[in-house]
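# Remarks on the overall topology
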Amino acid sequence: MIADDLKEQYYQALLAKDSEYEGLFYVGVKTTGVFCRPTCPARKPKFENCEFYETAQEALLASFRPCQRCRPLSHPNHVSDVVRLLVEAVENNPEKRWKEQDFKDLSIDESTARRQFKKRFGMTFVEYARARRMGLALKNIRSGHTVIDSQLSTGYESSSGFRDAFSRIMGAAPTQVNEGQVLKASWIDTRLGPMMAVADDKQLYLLEFIDRRGLEREVERLRIRTKSAIVPGMTPPIQSIERELEQYFDGTLTAFDTPLFYLGTPFQKRVWEQLSLIPAGETRSYQEIAIALGKPTACRAVAQANGANQLAIVIPCHRVINTSGELGGYGGGITRKNWLLQHEKQGALQ
């Protein structure tokens, strides 16, 4: 049973299409008989015509049918037919340079492709295809192929154009790639909304909610500090964390085994190690973390290190609260933080 004050909060989130509330509630609309997710683009109903539910099952049992626009029974931002078809086309021919006629041959509107890819991946379809093509070029160069061979295989007649495009996407000139490394970035759907995972073949470097403020700067800092190229793709650590996150949200997993890469100062790493020691279902204050580190006056530094964590959920910075008992801040949003704590507390009681 959802409390009245929470219903008002949920209604405001519905009006704002606030993605922070994804997975926390569903709204049944009495006048249409459908139920929706918080971010549904449809015209918003009046408050008195809304019924709020914690799960889609509750809404179904109340005789509401799923909305055809926001598809509440699928993952948030589920893959549309247009996106799925184009991703498959890119994988079938990753070296292809797309032209207007290619979209017509697939009966796809070019502007629709641009808009849907921007929403799903944070980049247009052309940018996605270019990044995939450049990822292939990078692989060729690192495998011993010459820059000119890689340039021609990806469809660039001009070496300067190839170098400019390569540097813009990868963050390094093609002749410098052997000095750095390649990180792969992938989209993971979760109950609380989509997350971005970045990893190499051995360790997970970043895991954040897609709508986290400043995520682009985080990725850029990661790229610069590791001297890496970051391209779309999948690696064993990403496959591992995707599987473990599904178990976590199902309530069958509380500790993660995916290998992690800690990119931080020695003090930040010590703080993150302390966070990892907090059992699921429990919380600690910034003061308690500082005392555990032997630095009782370092609360502010602990809070800053907590905020610098780039591995959401896995390094449980959401388990740190204010000394007063208030939740404090969280990069993924206070609503998500509260949900995660309640989710873990319920699991600890089972």
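What comes next is a walk through the structure. (Residues numbered from 1 in each chain as written. Predicted model: local features only at pLDDT ≥ 70, side-chain atom pairs only at ≥ 80, totals over all residues. Heavy atoms only, no water.)

### A look at the overall build of the protein
Across its full length, the protein holds 14 helices and ten strands. Considering only residue pairs separated by 6 or more positions, the protein has 60% of its internal contacts joining residues 24 or more positions apart. Element-wise, carbon and sulfur atoms account for 48% of the exposed surface of the protein, whose accessible area totals about 18,200 Å². (Helix = DSSP H or I, 4+ residues; strand = E, 2+ residues; numbered from the N terminus. Contact = heavy atoms within 4.5 Å. Areas by Shrake-Rupley, 256 points an atom, 1.4 Å probe, with all protein chains shown as cover.)

### Observations concerning the sheet that holds strand β4 (residues 65-66)
Here we have four strands laid out as an open sheet, ordered β3-β1-β2-β4, and mixed in their pairing. Looking at strand neighbours, the two that pair on one side only are β3 (50-53) and β4, the edges of this open sheet. Bridge count for strand β1 (residues 26-29) against β3 is four bridges, and the pairing is antiparallel. In the sheet register, V27 faces β3, and the bridge partner there is F52. Packed onto the sheet, helix α1 (residues 4-16) meets β1 and β3 and runs at close to 105° relative to β3. (Pairing = 2+ DSSP bridges. Axes fitted to C-alpha atoms, helices over the stretch in contact; angles between N-to-C directions.)

### Some details on the pairing of β1
Burial of β1 is two-sided: the residues Y26 and G28 facing one way and the residues V27 and V29 facing the other way are all buried. With three bridges joining them, β1 and strand β2 (residues 34-36) adopt antiparallel strand pairing. For G28, the partnering residue across the bridge sits in β2 and is F35. Taken together, β1 and the strand that follows it, β2, pair antiparallel across an intervening segment of four residues, in which G33 is found at a positive phi of about 80°. (Buried < 20%, exposed > 50% of the residue type's maximum accessible area, 1.4 Å probe, protein only.)

### Details of the packing of aromatic side chains
For the coordinates displayed, the defined rule picks out 18 aromatic pairs. Where F117 meets F125, the ring centres are 5.0 Å apart and the plane angle is 70°; that geometry is what we call edge-to-face. An identical accessibility class is assigned to F117 and F125; each is buried. Members of the aromatic cluster, each reached through a chain of ring pairs, are Y10, Y11, Y21, F25, F47 and F52. For the cation-ring pair, R336 lies above F209, with the distance from its terminal atom to the ring centre recorded as 4.0 Å. (Phe/Tyr/Trp six-rings, centres within 6.5 Å; stacked < 30°, edge-to-face > 60°. Lys NZ or Arg CZ within 6 Å of the ring centre and 35° of its normal.)

### A closer look at helix α10 (residues 236-250)
The α-helix advances 3.6 residues per turn, and as a result positions three or four apart in sequence lie on the same side. For α10, built from 15 residues, the straight-helix expectation of 21 Å at 1.5 Å per residue is met to within 8% by its first-to-last C-alpha distance of 21 Å. Every buried residue of α10 is accounted for by P237, I238, S240, I241, E244, L245, Y248 and F249. Taken around the axis of α10, the buried residues stretch over an arc of 155°, which confines them to a single face. Facing away from the buried side of α10 by more than 90 degrees, the exposed set consists of E246 and D250. At the C-terminal side of α10, G251 shows a positive phi close to 85°. (Expected span 1.5 Å × (residues − 1). Arc of directions from axis to C-beta.)

### Looking at the side chain of D102
Structurally, the position occupied by D102 is in helix α4 (residues 100-105). Overall, the relative accessible area of 15% leaves D102 in the buried class. Here the side chain of D102 touches K99 through a polar contact of 2.8 Å, landing on its backbone nitrogen. Aside from chain neighbours lying at most four places away, what touches D102 is K96 and R97. (Polar contact = N/O pair within 3.5 Å; in protein donor to acceptor, adjacent residues only side chain to side chain.)

### A few points about helix α11 (residues 266-276)
Among the residues of α11, Q268, V271, W272 and L275 are the ones counted as buried. Burial along α11 is one-sided: seen end-on, the buried residues are contained in an arc of 100°. Against the buried residues of α11 lie α12 (286-292), α13 (299-307) and β10 (320-321).

### Examining the pairing of strand β8 (residues 228-232)
Most of β8 is tucked away: four of the five residues are buried. Of the strand pairs in this sheet, strand β5 (residues 181-188) and β8 are connected by five bridges, and their pairing is parallel. Considered in β8, the bridge of A185 is made with P232.

### A short note on the environment of A298
Here A298 is to be found in the loop between α12 and α13. With a relative accessible area of 15%, A298 lands in the buried category. The spatial distance from the C-alpha of A298 to the C-alpha of Q287 is 7.9 Å, given a sequence separation of eleven residues.

### Observations concerning the nonpolar core
If you look at the biggest cluster of nonpolar residues, it comprises 52 residues, and the most contacted ones within it are L207, I241, L245, L275 and I313. The leading source of residues in this core is α10, at five residues. Not counting chain neighbours up to four residues away, the residues in contact with I313 comprise M195, F209, L245, Y248, F249, F256, H318, Y330 and L340. Ranked by size, the runner-up nonpolar core spans 13 residues in total, among them A89, W98, F103 and A113. (Core = buried A, V, L, I, M, F, W, Y, C linked by side-chain atoms within 4.5 Å.)

### Details of the sheet that holds β5
Here four strands make up an open sheet; going across it, the order is β7-β6-β5-β8 and the pairing mixed. With partners counted over all chains shown, the strands left at the sheet margins are β7 (204-209) and β8, one partner each. Shown here is a sheet whose adjacent strand axes are inclined to one another by a mean of 20°, direction ignored. Both strand β6 (residues 195-199) and β7 contribute to a ladder of five bridges, which runs antiparallel.

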